[in-house]
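Summary of structural features
Here are the chains, one letter per residue:
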Amino acid sequence: MERRENQTPQGQIARVLVEFLEVAITSVVFLKGVYPSGAFERRRYMNVVVQRACHPQLRYYIHATVAGLLPFIQKGLVERVAVIFFNADDIPLEKFVFKLAMNLSYGSSVEEVDLQFSLRSFMSKLSISESLTKKLPHDCRWEITAYFRSIPEAGTSKEADLWISTDTKQWQQPPLITPIKSMSSEPLCLQLYLEHPCLSESLL
């Protein structure tokens, strides 16, 4: 692995962001109660109490999926990372969306402590956002989906070959959006918000 001191600012930011996303996505899954609380254990991350998946397959899925985004985040190709919850008919019920934008021309060194301090506030806000979410049915499922600014071509890299186009059903009407937290700074802008189907569509 590349030595930290030799990394570009974009490499530093991407590494911290991927680590953050792994913890944040685990927190989202815990928050929604998809699994028994015993499937998680309390840990500290950025001096905030968070949840870590105990089940090896669950932990691996989250880790491998988010880690696979690292080279694409470094290149500025990833626009959004979403945790999507579906009903039994595979229709999305709720999306937690992390929208990110990184300044690829930023050339100064990055103070990781400052970046982590900004990201820590997302964890605090996420832990108290349950009242903004909707109750899920018992037979729901979930997945992590990445939205790319341009689709990586298969065969160009090992990482690109791991990603497949989604066949997720889309809502017909624009979603209802509930902001949770945002940060805007050089060289990273990040937003976390909820998406729900509009009322007329959710009644169908």
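Figured I'd write up the structure that's included with this text.

Turning our eyes to something else, we now look at the overall build of the protein chain. If you tally the helices and strands in the protein chain, you get 6 helices and 7 strands. Going residue by residue from the N terminus, the α and β elements of the protein chain occur as α-β-β-α-α-β-β-α-β-α-β-β-α. For the protein chain, the proportion of its 204 residues judged to be buried stands at 45%. Sequence-distant contacts in the protein chain: of pairs separated by 6 or more residues, those separated by 24 or more amount to 72%.

With that settled, the discussion passes to the pattern of salt bridges. Across all of its chains, the model carries 7 salt bridges by this definition. We note a salt bridge from Glu41 to Arg43, for which the minimum N-O separation is 3.1 Å. When its relative accessible area of 26% is taken as the criterion, Glu41 is described as partly exposed. For Arg80, the salt bridge identified is with Glu79, shortest N-O distance 4.0 Å. Judged by relative accessible area, Glu79 falls into the partly exposed class, the value being 25%. Look at the salt bridges and you will find they share partners, linking Glu41, Arg43 and Arg52 into a network.

Here we take up the sheet that holds strand E6 (residues 176-184). Judged by pairing direction, the sheet is antiparallel, and its 5 strands sit side by side in the order E5-E3-E4-E7-E6 without closing on themselves. Every other strand in the sheet has two partners, leaving strand E5 (141-148) and E6 as the edge strands with one partner each. Looking at each pair of strands side by side, their axes are set apart by 15° on average, direction ignored. When strand E4 (residues 92-102) meets strand E7 (residues 188-196), the two strands line up antiparallel, connected through 8 bridges.

What counts, and where the lines are drawn
Residues numbered from 1 in each chain as written. Predicted model: local features only at pLDDT ≥ 70, side-chain atom pairs only at ≥ 80, totals over all residues. Heavy atoms only, no water. Helix = DSSP H or I, 4+ residues; strand = E, 2+ residues; numbered from the N terminus. Buried < 20%, exposed > 50% of the residue type's maximum accessible area, 1.4 Å probe, protein only. Contact = heavy atoms within 4.5 Å. Salt bridge = Lys/Arg side-chain N within 4 Å of Asp/Glu carboxyl O. Pairing = 2+ DSSP bridges. Axes fitted to C-alpha atoms, helices over the stretch in contact; angles between N-to-C directions.

The analysis is restricted to geometry; functional conclusions fall outside its scope.
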